[in-house]
Amino acid sequence: MRVGILGGGQLGWMTILEGRKLGFEFLVLDKNPNSPASRIADRWFPPEKVEEFRELCDVITAEFEHVEEEVLEKVSEKMRPRAELILMKRSRVEEKKTLFRLGYPLPRFVWGTGSELKEMVNLIGPPVVVKRDSMGYDGKGQWRVSSVKEVKGLGEDEKFVVEEFVDFEAEVSVIGVRDMWGNIRTFPLTENHHSDGILLHNRTRTTPEVEREAVELVKSLMEDLKVVGLLAVELFLTRNGKLLINEVAPRPHNTGHYTLDGTETSQFENLLRAVCGLPLGSTRLKTPAGMVNILGLDLEDFSPEEILKIEGAKLYWYGKEKRPRRKMGHVNVVGRSEEEVSVKIKKVLSLLYPKETKKS
Ligand code: ADP
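Here is a short report on the structure shown in this document. Note that the structure is predicted; figures quoted are calculated from it, not measured.

Some thoughts on the overall build of the chain
The helix and strand tally for the chain stands at 13 helices and 17 strands. Its C-alpha atoms give the chain a radius of gyration of 20 Å, within 12% of the compact-globule value 21 Å for 360 residues. For the C-alpha atoms alone, the extent of the chain along its principal axes is close to 55 × 50 × 40 Å. For the chain, the proportion of its 360 residues judged to be buried stands at 56%. For the chain, the proportion of contacts with a sequence separation of at least 24, taken over those separated by at least 6, is 61%. Summed over all atoms, the accessible surface of the chain reaches about 16,300 Å², with 49% contributed by carbon and sulfur.

See the structure below:
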């Protein structure tokens with residue numbers, strides 16, 4: 001089987017690492033021949049060679065939604081999940097409108113252009129979060145606004161979403177996988193901790209009632225959207241116990257990196273099984289697990305040896321060029337209990353970010 005991947009980032013890199021075990025061949029389409037997945041693919045293609053890439057692939061999936069529209073159009077017949085889902089994910093307005101139309105619970109929101117921002121903020125009522133319609137990720141292109149006066153200097157014609165600021169008890173996510181015949185499995189729920197809008201660490205969390213509701217929501221959403229592949233759903237758990245969808249992603253997700261060590265089958269392997277028509281693997285949790293992102297650090301900036309000394313810790317290094325707050329790698333940890341995993345996460349955080357962890 002020859003699998004094409006749109007995007008050359010770490011999500012594609014881990015998909016290839018996992019897929020090698022199944023004997024697949026991988027072709028990656030990305031501008032950069034040195035990106036993590038391009039480097040380890042059987043062949044790399046720049047976007048100009050999309051036709052040749054398409055002809056050679058049996059199936060094409062995406063690890064990244066900001067693919068040019070012309071490229072998506074050219075590969076759409078071989079895409080799993082459907083190209084429309086990737087297109088939906090490129091626009092926050094489209095994503096929210098779709099979820100709203102289907103009746104899923106969301107924070108209150110409105111959309112419009114930069115020239116209408118003040119009215120939008122007033123309509124929802126501060127504090128609100130203003131989010132750019134496109135190209136936002138890892139907390140980029142969004143601002144918390146507590147007064148209408150703060151809203152200035154944003155593009156008049158640009159599209160924005162304004163949504164209520166949710167005073168959540170926790171952020172959680174569930175990732176589902178669905179095959180071509182409609183079979184669905186879901187991965188265990190995780191609790192996620194962000195710092196300045198970017199995921200810093202997460203771990204599996206046993207909260208049966210919340211998990212049951214989240215799993216039902218993910219399953220129903222995967223059916224409504226006819227997803228073949230993965231769907232990650234990020235949720236706010238409000239202080240009165242309600243679940244609201246923050247975001248969805250039809251691809252492998254950072255909150256599922258723990259599945260490489262925590263579950264019987266990883267999100268990456270199950271993505272490949274789903275899009276290639278193989279039986280889905282068990283998503284059972286082998287042992288409580290968690291993950292810490294390595295943000296903006298090089299291998300010389302911390303001690304990998306100290307991390308690897310932690311029982312059950314695994315280091316994943318993507319080999320990217322260092323930039324401030326960029327996701328450079330991650331550490332997975334497992335333990336006999338959720339408490340043990342939390343202790344290990346704290347230890348990893350103190351080794352990676354000694355200054356920040358001393359402050360808190
Ligand atoms: P991105 O697509 O950049 O990851 P998100 O919309 O997921 O952006 O926001 C990143 C993080 O910012 C969230 O995980 C959450 O911590 C915080 N955040 C975003 N929207 C809200 C909101 N409406 N209320 C409270 N916190 C929010």
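Let's pick the thread back up.
What about the site of the ligand?
Taken together, 18 residues surround the ligand, and among them Lys131, Gly139, Glu163, Glu171 and Glu247 come closest. For the ligand, an oxygen atom lies 3.2 Å from a polar atom in the side chain of arginine 92. The side chain of lysine 131 places a nitrogen or oxygen atom 2.6 Å from an oxygen atom of the ligand. The fraction of the free accessible surface of the ligand (550 Å²) that becomes covered by protein chains is 91%. Taken together, the elements giving at least two residues each to the shell around the ligand come down to strand 6 (128-132), strand 8 (159-164), strand 9 (168-178) and strand 14 (243-249). In terms of residue class, the shell around the ligand is made up of six nonpolar, five polar and seven charged.

Things to note about the pattern of salt bridges
On inspection of all chains with the given rule, the structure shows 28 salt bridges. Note that glutamate 84 and arginine 82 form a salt bridge whose closest N and O atoms lie 3.6 Å from each other. Residue glutamate 169 pairs with arginine 205 through a salt bridge whose shortest N-O separation is 3.7 Å. Taken together, the residues glutamate 169 in strand 9 and arginine 205 in the loop between strand 12 (198-204) and helix 8 (208-224) connect sequence positions 36 residues apart. Classification of arginine 205 by relative accessible area gives buried; the value is 14%. Three or more residues are tied together by salt bridges with common partners; here these are Glu18, Lys21, Glu269 and Arg273.

Looking at the sheet that holds strand 4 (residues 59-62)
By way of backbone hydrogen bonds, the strands of a sheet pair with one another, either parallel or antiparallel. With respect to topology, four strands assemble into an open sheet ordered 3-2-1-4, the strand pairing being parallel. Each having just a single partner strand, strand 3 (43-45) and strand 4 make up the two edges of the open sheet. With direction set aside, neighbouring strand axes in the sheet form an average angle of 25°. Helix 1 (residues 10-20) contacts strand 1 (2-6) and strand 2 (25-29) of the sheet and is inclined by roughly 170° relative to strand 2.

Here we look at the sheet that holds strand 6
The four strands are arranged 5-8-6-7 in an open sheet whose pairing can be described as antiparallel. Unpaired on one side and paired on the other, strand 5 (109-113) and strand 7 (142-145) mark the two borders of the sheet. Averaged over neighbouring strand pairs, the angle between their axes works out to 20° when direction is ignored. Sheet topology note: the strand 5/strand 8 ladder contains five bridges and is antiparallel.

Let's talk about helix 8
Every α-helical turn comprises 3.6 residues, leaving residues that sit three or four positions apart pointing alike. Helix length check: helix 8, at 17 residues, gives a terminal C-alpha distance of 24 Å against a target of 24 Å (1.5 Å per residue), a fit within 8%. All of the buried residues along helix 8 are Val210, Ala214, Val215, Leu217, Val218, Leu221 and Met222. Projected down its long axis, helix 8 carries its buried residues within an arc of 165°, all on one side. Exposed and facing more than 90 degrees away from the buried side of helix 8 are Pro208, Glu209 and Arg212.

Structural notes on the packing of helix 5 (residues 83-90) against helix 6 (residues 92-101)
Relative to each other, helix 5 and helix 6 sit at 115°, their axes nearing to 5 Å. As summarised for this structure, helix 5 and helix 6 are arranged roughly perpendicular, according to the angle between their axes. Contacts between helix 5 and helix 6 pair Met88, Lys89 and Arg90 from the former with Arg92, Glu94, Glu95 and Thr98 from the latter. Each residue belonging to the contact of helix 5 with helix 6 can be placed in one class, and the counts come to one nonpolar, one polar and five charged.

With respect to the nonpolar core
Of all hydrophobic cores here, the largest spans 31 residues; its most connected members are Val3, Ile16 and Phe26. Secondary-structure elements contributing two or more residues to this core are strand 1, helix 1, strand 2, strand 9, strand 13 (229-238) and helix 10 (267-275). Here the element with the most residues in this core is helix 10; it accounts for five residues. Every residue in contact with valine 3, bar those within four places of it in the chain, is listed here: Phe24, Glu25, Phe26, Leu27, Cys57, Val59, Leu272 and Cys276. One finds Met88, Leu99, Val174 and Leu237 within the second-largest nonpolar core, a separate group that totals 28 residues.

Calculation criteria
- Residues numbered from 1 in each chain as written.
- Predicted model: local features only at pLDDT ≥ 70, side-chain atom pairs only at ≥ 80, totals over all residues.
- Heavy atoms only, no water.
- Helix = DSSP H or I, 4+ residues; strand = E, 2+ residues; numbered from the N terminus.
- Rg over C-alpha atoms; globule rule 2.2 N^0.38 Å.
- Buried < 20%, exposed > 50% of the residue type's maximum accessible area, 1.4 Å probe, protein only.
- Contact = heavy atoms within 4.5 Å.
- Areas by Shrake-Rupley, 256 points an atom, 1.4 Å probe, with all protein chains shown as cover.
- Near = heavy atom within 4 Å.
- Polar contact = N/O pair within 3.5 Å; in protein donor to acceptor, adjacent residues only side chain to side chain.
- Nonpolar A, V, L, I, M, F, W, Y, C, P; charged D, E, K, R; others polar.
- Salt bridge = Lys/Arg side-chain N within 4 Å of Asp/Glu carboxyl O.
- Pairing = 2+ DSSP bridges.
- Axes fitted to C-alpha atoms, helices over the stretch in contact; angles between N-to-C directions.
- Expected span 1.5 Å × (residues − 1).
- Arc of directions from axis to C-beta.
- Parallel < 35°, antiparallel > 145°, perpendicular 65-115°, else oblique.
- Core = buried A, V, L, I, M, F, W, Y, C linked by side-chain atoms within 4.5 Å.

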